[in-house]
Amino acid sequence: MKPQQRIVRYSAPERINHWIVAFCFILVSLSGLGFFFPSFNWLLNIFGTPQLARILHPFAGVIMFCAFMLMFLRYWRHNLITRDDLYWAKNIHKIALNQEVGDTGRYNFGQKCVFWAAIACLLLLVASGVMIWRPWFAGYFPIPLIRAALLVHSLAAVGLIMVIMVHIYAALWVKGTITAMVEGWVPAAWAKKHHPRWYRELQEKNALPAENRKDRT
Ligand code: HEM
């Protein structure tokens, strides 16, 4: 791919931010499954020892939450649901068959749903996580509330794991997407095909590679 056919999608700080979130997610989700299911106890070794996992799991969770909040501040505007998203949702069968994508902007409806579901799960996880965090905070909450928080924490964790599985599947399924988050750029043809409105917006701002500036199709 010639550099003049590439469009920058994520800067280096954005990519570092994303991979910090992803790295913490792997640590907390695997150790969380290790706490939950006795048959998965061996997963606790991801932190070195089960004792370290018990201490570090909440800290890694807080780092993941704070890093995701930076992503939230960066991308929430791009993830607002618009009228065009309803077209995407109604034509999901055509989209799954790669027949069309609708007039999609920087993110499609599927990505937007993942974004809002992730923030909802993370807010529940952090709020319930603080309530069950021994020995620091749990002592401030009554036992029935801690029991409820444990249930909320487990359900939100299962929700987030499912959401991120969809996110990873979509990132691998749409060819060229992983490069966006690894190297920071996408081919101009990728943008035109999968995010035509974003492509036009870049065209209007004169932000496309030189070769594509005059392309009005
Ligand atoms: C662990 C493996 C992961 C992989 C392989 C992955 C891959 C990717 C890729 C390729 C993109 C670029 C998509 C595009 O620009 O169209 C992306 C964007 C994004 N990722 Fe991930 N990701 C992972 C984990 C996570 C986690 C754990 C979270 C959050 C909890 C997350 C949140 C996001 C968000 C918010 C975006 C921007 C898209 C949007 O705002 O809708 N990712 N990811």
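Everything that follows concerns the structure shown earlier in this document.
Residues numbered from 1 in each chain as written. Predicted model: local features only at pLDDT ≥ 70, side-chain atom pairs only at ≥ 80, totals over all residues. Heavy atoms only, no water.

**Focus on the coordination of the iron atom of the ligand**
Argument step 1. The protein atoms that coordinate the iron atom of the ligand are His18 (NE2) and His167 (NE2), at distances spanning 2.0 Å.
Argument step 2. One can describe the donor arrangement at the iron atom of the ligand as octahedral, given that its six donor atoms subtend angles of 86 to 179° at the metal. One end of the pair, His18, is in helix 1 (residues 12-36); the other, His167, is in helix 6 (residues 143-173), and 149 residues separate them in sequence.
Argument step 3. On the accessibility criterion, His167 (35% relative accessible area) is partly exposed. (Donors = N, O, S within 2.8 Å, 3.2 Å for Na, K, Ca; no water. Tetrahedral: all angles 85-135°; square planar, octahedral: opposite > 155°, others 65-115°. Helix = DSSP H or I, 4+ residues; strand = E, 2+ residues; numbered from the N terminus. Buried < 20%, exposed > 50% of the residue type's maximum accessible area, 1.4 Å probe, protein only.)

**Section: the pattern of salt bridges**
Argument step 1. Counting across every chain of the model gives five salt bridges.
Argument step 2. For Glu100, the salt bridge goes to Lys94, with nearest N and O atoms at 3.7 Å.
Argument step 3. Classification of Glu100 as partly exposed rests on a relative accessible area of 26%.
Argument step 4. Owing to a relative accessible area of 28%, Lys94 belongs among the partly exposed residues under this scheme.
Argument step 5. For Arg200, the salt bridge identified is with Asp103, shortest N-O distance 2.9 Å. Remark: Asp103 occurs in the loop between helix 4 (92-96) and helix 5 (109-131) and Arg200 occurs in helix 9 (residues 196-204); sequence separation between them is 97 residues.
Argument step 6. Given a relative accessible area of 36%, Arg200 falls into the partly exposed group.
Argument step 7. Judged by its relative accessible area of 29%, Asp103 is partly exposed.
Argument step 8. Shared partners join several salt bridges into a network, and the residues in it are Asp84, Arg197 and Glu201. (Salt bridge = Lys/Arg side-chain N within 4 Å of Asp/Glu carboxyl O.)

**Points about the site of the ligand**
Argument step 1. Around the ligand, the structure places 22 residues, and the nearest of them are Arg9, Tyr10, His18, Gln111 and His167.
Argument step 2. Arg9 places a polar side-chain atom, nitrogen or oxygen, 2.7 Å from an oxygen atom of the ligand.
Argument step 3. Here a nitrogen atom of the ligand and a side-chain polar atom of His18 are 2.8 Å apart.
Argument step 4. Breaking the shell around the ligand down by element, the ones donating at least two residues are helix 1, helix 2 (50-75), helix 5, helix 6 and helix 7 (177-182).
Argument step 5. A breakdown of the residues in the shell around the ligand according to their chemical character gives 16 nonpolar, five polar and one charged. (Near = heavy atom within 4 Å. Polar contact = N/O pair within 3.5 Å; in protein donor to acceptor, adjacent residues only side chain to side chain. Nonpolar A, V, L, I, M, F, W, Y, C, P; charged D, E, K, R; others polar.)

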